[in-house]
Amino acid sequence: MRDTLGLEGIAGVLLVFVAVGIIAVRDPVIAGAVMLLLAGLALIAKGLVDTAMRSFGLK
């Protein structure tokens, strides 16, 4: 995992989970909504990257 994300990526993922954990302590419903939002953004980013890679002939 360190090869694909790097140290900054791993730190970013941990920071996101800590932030959602802090929100979950206060309000679990809001934390669930934030996780759905982050998952949606990740899927959008993956789609954009796949499209860009295909346009350059890398995939």
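Report follows, based on the coordinates. Values in this document were obtained by computation on a predicted structure and should not be read as measured data.

## Notes on the overall build of the protein
Link 1 in the chain: Looking only at helices and strands, the protein has 2 helices and 0 strands in total.
Link 2 in the chain: Here the C-alpha atoms of the protein give a radius of gyration of 15 Å, more than 25% beyond the 10 Å that 2.2 N^0.38 yields for 59 residues.
Link 3 in the chain: For the protein, with 59 residues in total, the buried portion stands at 7%.
Link 4 in the chain: Treating the 5 positive side-chain charges of the protein as one cloud and the 4 negative ones as another, the clouds have centres 5 Å apart.

## A few points about the pattern of salt bridges
Link 1 in the chain: Under the definition given, this model contains 1 salt bridge.
Link 2 in the chain: Between Asp50 and Lys46 there is a salt bridge; the shortest N-O distance is 2.8 Å. You can see Asp50 and its partner Lys46 sitting in helix 2 (residues 28-55), 4 residues apart, about one turn around the helix.
Link 3 in the chain: Judged by its relative accessible area of 48%, Lys46 is partly exposed.

## Digging into the environment of Gly32
Link 1 in the chain: Position of Gly32 relative to the elements: it lies in helix 2.
Link 2 in the chain: Judged by relative accessible area, which is 34%, Gly32 ranks as partly exposed.
Link 3 in the chain: It is 8.4 Å that separates the C-alpha atoms of Gly32 and Val20, two residues lying 12 residues apart in sequence.

## Let's talk about the environment of Val16
Link 1 in the chain: Topologically, Val16 is positioned in helix 1 (residues 2-26).
Link 2 in the chain: Expressed as a C-alpha distance, the spacing of Val16 and Gly6, which sit 10 residues apart in the sequence, is 16 Å.

## With respect to the side chain of Asp50
Link 1 in the chain: Judged by its relative accessible area of 13%, Asp50 falls in the buried class.
Link 2 in the chain: Side chain to side chain, Asp50 and Lys46 meet in a polar contact 2.8 Å long.

## Observations regarding the environment of Val25
Link 1 in the chain: Secondary-structure assignment places Val25 in helix 1.
Link 2 in the chain: Between the alpha carbons of Val25 and Glu8 there is a distance of 26 Å; along the sequence they are 17 residues apart.

Rules and cut-offs
- Going along each chain's sequence as written, the residues are numbered from 1 onward.
- The model is predicted, so local features are restricted to residues of pLDDT at least 70 and side-chain atom pairs to those at 80 or more, both for listing and for counting; the totals for chains, interfaces and linings are taken over all residues.
- Just so you know, side-chain values use all the structure's heavy atoms and leave hydrogens and water out.
- The helix and strand labels rest on DSSP assignments: H or I over at least four residues marks a helix, E over at least two residues marks a strand, and numbering proceeds from the N terminus.
- Each radius of gyration is computed over the set of C-alpha atoms, and the globule rule expresses the reference value as 2.2 Å times the number of residues to the power 0.38.
- Each residue gets one of three labels from its accessible area relative to the maximum for its type: buried under 20%, exposed over 50%, partly exposed in between, using a 1.4 Å probe on protein chains only.
- The sign given to each residue is positive for Lys and Arg and negative for Asp and Glu; His and the chain ends receive no count.
- Charge coordinates come from a single atom per side chain, which is NZ of Lys, CZ of Arg, CG of Asp or CD of Glu.
- Throughout this description, the term salt bridge denotes a Lys or Arg side-chain nitrogen within 4 Å of a carboxyl oxygen of Asp or Glu.
- Any pair of nitrogen or oxygen atoms within 3.5 Å is treated as a polar contact; in protein, a donor-acceptor pairing is required on top of that, and neighbouring residues in sequence qualify only through side-chain atoms on both sides.

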